[in-house]
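What follows is each chain in one-letter form.
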Amino acid sequence: MTSVFSLTDWLGIGRMNVKRLWMYTLYVGLLFIYIPTYVIMHALLKWVTFKKRFMRLMGSNRNSELSLFSRKNQVTDVSITSIDEKIDFLTHRNPVYIRRLTLWTPHELAMMFAGLQSTPLISDEHLAYVILHTVYAHSVSWCRERKMYHLVMSGICDSCLFQGFYWDAREVYVSRDAKKLIIKMYDNSEYFSDATEPLDRANFDQAKLHAQICLSYYAPGLAHNHVHFVFPSTMCVLSKSMLDKDGILYNLLSPHFRFTEAINYQALRVGKASNNKRSIVDRLFFFWQPFPVTKEQFIEGVAWKCKKYYQEQGQKNPKEQQVEPLSSDESESSSDDDMEEQKTQMKNRTHQIFPPRFMTDPKIGKIPYMKFLKGYYMVVRKFVASLEPLIDKEEWNRLALAVSEHVPKYNQVNMIDAITTFIHQVAITHYCDHNSYLEYFAWRHGCMSFRYPFEDFGKDRYWEAVLTSRRRKMTLEQLKLRPDWLIRKRDIMRTRCFFERVR
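Quick notes on the rules
Residues numbered from 1 in each chain as written. Predicted model: local features only at pLDDT ≥ 70, side-chain atom pairs only at ≥ 80, totals over all residues. Heavy atoms only, no water. Patch = residues over 30% accessible without salt bridge, like charges linked within 9 Å, V, L, I, M, F, W, Y side chains within 5 Å. Areas by Shrake-Rupley, 256 points an atom, 1.4 Å probe, with all protein chains shown as cover. Salt bridge = Lys/Arg side-chain N within 4 Å of Asp/Glu carboxyl O. Helix = DSSP H or I, 4+ residues; strand = E, 2+ residues; numbered from the N terminus. Buried < 20%, exposed > 50% of the residue type's maximum accessible area, 1.4 Å probe, protein only. Lys, Arg positive; Asp, Glu negative; His and termini not counted. Charge placed at Lys NZ, Arg CZ, Asp CG, Glu CD. Pairing = 2+ DSSP bridges. Axes fitted to C-alpha atoms, helices over the stretch in contact; angles between N-to-C directions. Phe/Tyr/Trp six-rings, centres within 6.5 Å; stacked < 30°, edge-to-face > 60°. Lys NZ or Arg CZ within 6 Å of the ring centre and 35° of its normal. Expected span 1.5 Å × (residues − 1). Bend = angle between axes of the 7 residues up to and from the residue. Parallel < 35°, antiparallel > 145°, perpendicular 65-115°, else oblique. Left-handed = near helix turned anticlockwise from the far one by under 90°. Nonpolar A, V, L, I, M, F, W, Y, C, P; charged D, E, K, R; others polar. Disulfide = S-S within 2.5 Å.

Caption draft 1: Molecular detail of a nonpolar patch on the surface. A grouping of W47, V48, F50, F54, L57 and M58 is seen on the molecular surface, where their side chains present a nonpolar patch of about 690 Å² in accessible area. With respect to the secondary-structure elements, M58 resides in the loop between α2 (15–57) and β1 (65–70). Looking at M58, the relative accessible area reads 59%, which means it is exposed.

Structure (structure tokens):
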């Protein structure tokens, strides 16, 4: 490329234009490989769907089932999906994956070979925004001692990474006005955004880069798991087997069942996007596997997070907390006479996480993302309350008792809040978690793998050895200004292929 650039520089053609031209040329070339792959995969999909339909015609249509997916953490999810669910998933969901796999992957590969893959270091302001206004707010609390919001990336420290990969950030503090950040590393050292010395600021930026890498995995790997697994799967599977299909309760819940069983089964039992063994085949062909951990590590992380939420928090007796008063804006938009009555009913709650804690804990409810979710909860609750007289109470009690075998004490929850929490979680929280993560953080700043440990930039000999061994030459002073240059383009490419596959 150096000789090409010499010629184009002499001709007055910008290097970025040359790279883009090279990228499009590569993309067209790769399509000659991936378009036949697209045709073959669609043909195989049609054949598999035909076989499933034939099996259903012959009377093979057992219901979906739940069982433990982690014996260590003792949590359950879908272990078998019904034929109907498989056919629906193969017909209406799988074609989307094939299109993205075969048409998006060559684009990311071409971007990598052309040298256009990059993920810039996130700014202080944007990092604060992401922590308080997106999926990461699930893991944020208020720190009284420092009077700052506190994000703890629980479970990151227990992850067993492949050799040569590093997730060194652990916690992030954000001031109330979002103008100051403190990043805590694996060794409890802390780095401050208001550092005045150039070396201290450079070390903070390096710590921020590690936080950026950890956050890229933390959302899909740990922070969002209680929203995705256990409770939604349990409600879906048991409702289909226990409820009257013509009843009010089933028709209220069933619009939120679609694809739940198959998606969670794929994530926990199949794991095509997480089954990274770092084999030659994985490295050369399965570009959508960016995790520097095994499938088993990923699944145990899911199980541990769900256990902490549903079993450990769910078993606790609810604290006596008042529902936070509506803000002036909310009061103006919610002038219904029965809104105060609904809030009064929620005060008498019998479960720690039903309704969600952002509805009952004033400190959590003030976090911007949680405040956003809270506004929709009351809308859903009002609708469910209006149908409450039409719901068969005996049918509900049987379902709630069955669900409580997998989600402790669910049968003790007020029916309106039990149903509202399910609908709100799968229809609103789940969607907002995915889209806030991708749109406001991951597409631009996401990368799940990093090959360098955190080391103080004052260690000149270490960094000189690192920079000498790199293909892309740079000085230590340049690195202090652009630590994101340490991220490998291959790792960015694999991360973005994963995003396109699972979004």
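Caption draft 2: Fine view of the pattern of salt bridges. For the coordinates displayed, the defined rule picks out 19 salt bridges. With its nearest N and O atoms 3.5 Å apart, the salt bridge here joins K180 to D194. You can see K180 sitting in the loop between β5 (169–175) and β6 (181–185) and its partner D194 sitting in the loop between β7 (190–192) and α6 (198–223), a full 14 residues away along the chain. The partner of K308 in a salt bridge is E312, with the nearest N and O atoms 4.0 Å apart.

Caption draft 3: Quick look at a negative patch on the surface. Residues D244, D246, D392 and E394 make up a contiguous surface patch of negative charge. Its place among the elements puts D246 in the loop between α8 (231–242) and α9 (248–253).

Caption draft 4: Representation of the sheet that holds β5. With antiparallel pairing, the five strands of this open sheet are ordered in space as β3-β4-β5-β6-β7. Two strands bound the open sheet, and with one partner strand each, they are β3 (140–143) and β7. Neighbouring strand axes in the sheet, compared pairwise and without regard to direction, differ in orientation by 25° on average. Note that β3 and strand β4 (residues 148–152) share four bridges and pair antiparallel.

Caption draft 5: Structural view of the packing of aromatic side chains. Under the criterion given, the structure shown has 33 aromatic pairs. Ring geometry for F231 versus F422: centroids 5.8 Å apart, planes at 85°, classification edge-to-face. Of the two residues, F231 sits in helix α8 while F422 sits in helix α19 (residues 415–445), which places them 191 residues apart along the sequence. With respect to class, F231 is no different from F422; both count as buried. When the centroid spacing of 5.0 Å and the interplanar angle of 40° are considered together, the rings of F457 and W463 count as tilted. Across the pair, exposure class does not vary: F457 and W463 are buried alike. Cluster of aromatic residues (ring-pair linked, three or more members): W104, Y136, W167, Y217, F291, F298, Y437, F441, W443, F498 and F499. In this arrangement the basic side chain of K245 is found over the ring face of Y250, its NZ or CZ atom lying 5.3 Å from the centre.

Caption draft 6: View of helix α4 (residues 94–113). Between its terminal C-alpha atoms α4 stretches 28 Å, which fits the 28 Å expected from 20 residues at 1.5 Å a residue. Of all bends in α4, the biggest is about 30°, found at W104, and the proline P106 comes one to four residues later. One or two positions beyond α4, positive phi appears at G115, with a value near 75°.

Caption draft 7: Looking closely at a positive patch on the surface. A cluster of like positive charges, contributed by R144, K147, R176, K363 and K366, occupies part of the molecular surface. Structurally, the position occupied by R144 is in the loop between β3 and β4.

Caption draft 8: Quick peek at the pairing of strand β2 (residues 75–80). Counting buried residues in β2 gives five out of six residues, a clear majority hidden from the surface. Alignment of β1 against β2, held across five bridges, turns out to be antiparallel. Residue pairing across strands places S70 opposite V75, the latter belonging to β2. Following β1, the chain reverses through four residues before pairing antiparallel with β2; Q74 in that reversal takes a positive phi of roughly 55°.

Caption draft 9: Broad picture of the packing of α2 against α4. It is the contact of α2 with α4, at a shortest axis distance of 8 Å, that shows an interaxial angle of 160°. Relative to α4, the element α2 is oriented roughly antiparallel. By crossing handedness, the relation of α2 to α4 is classed as right-handed. In terms of residue class, the contact of α2 with α4 is built from 19 nonpolar, six polar and one charged.

Caption draft 10: Here's a closer look at the state of the cysteines. In this structure the tally under the stated criterion is zero disulfides. The thiol of C143 is not disulfide-bonded; the next cysteine sulfur, from C157, is found 18 Å away. Given a relative accessible area of 10%, C143 falls into the buried group. In this structure C236 is a free cysteine whose sulfur lies 16 Å from that of C306, the closest cysteine sulfur available.

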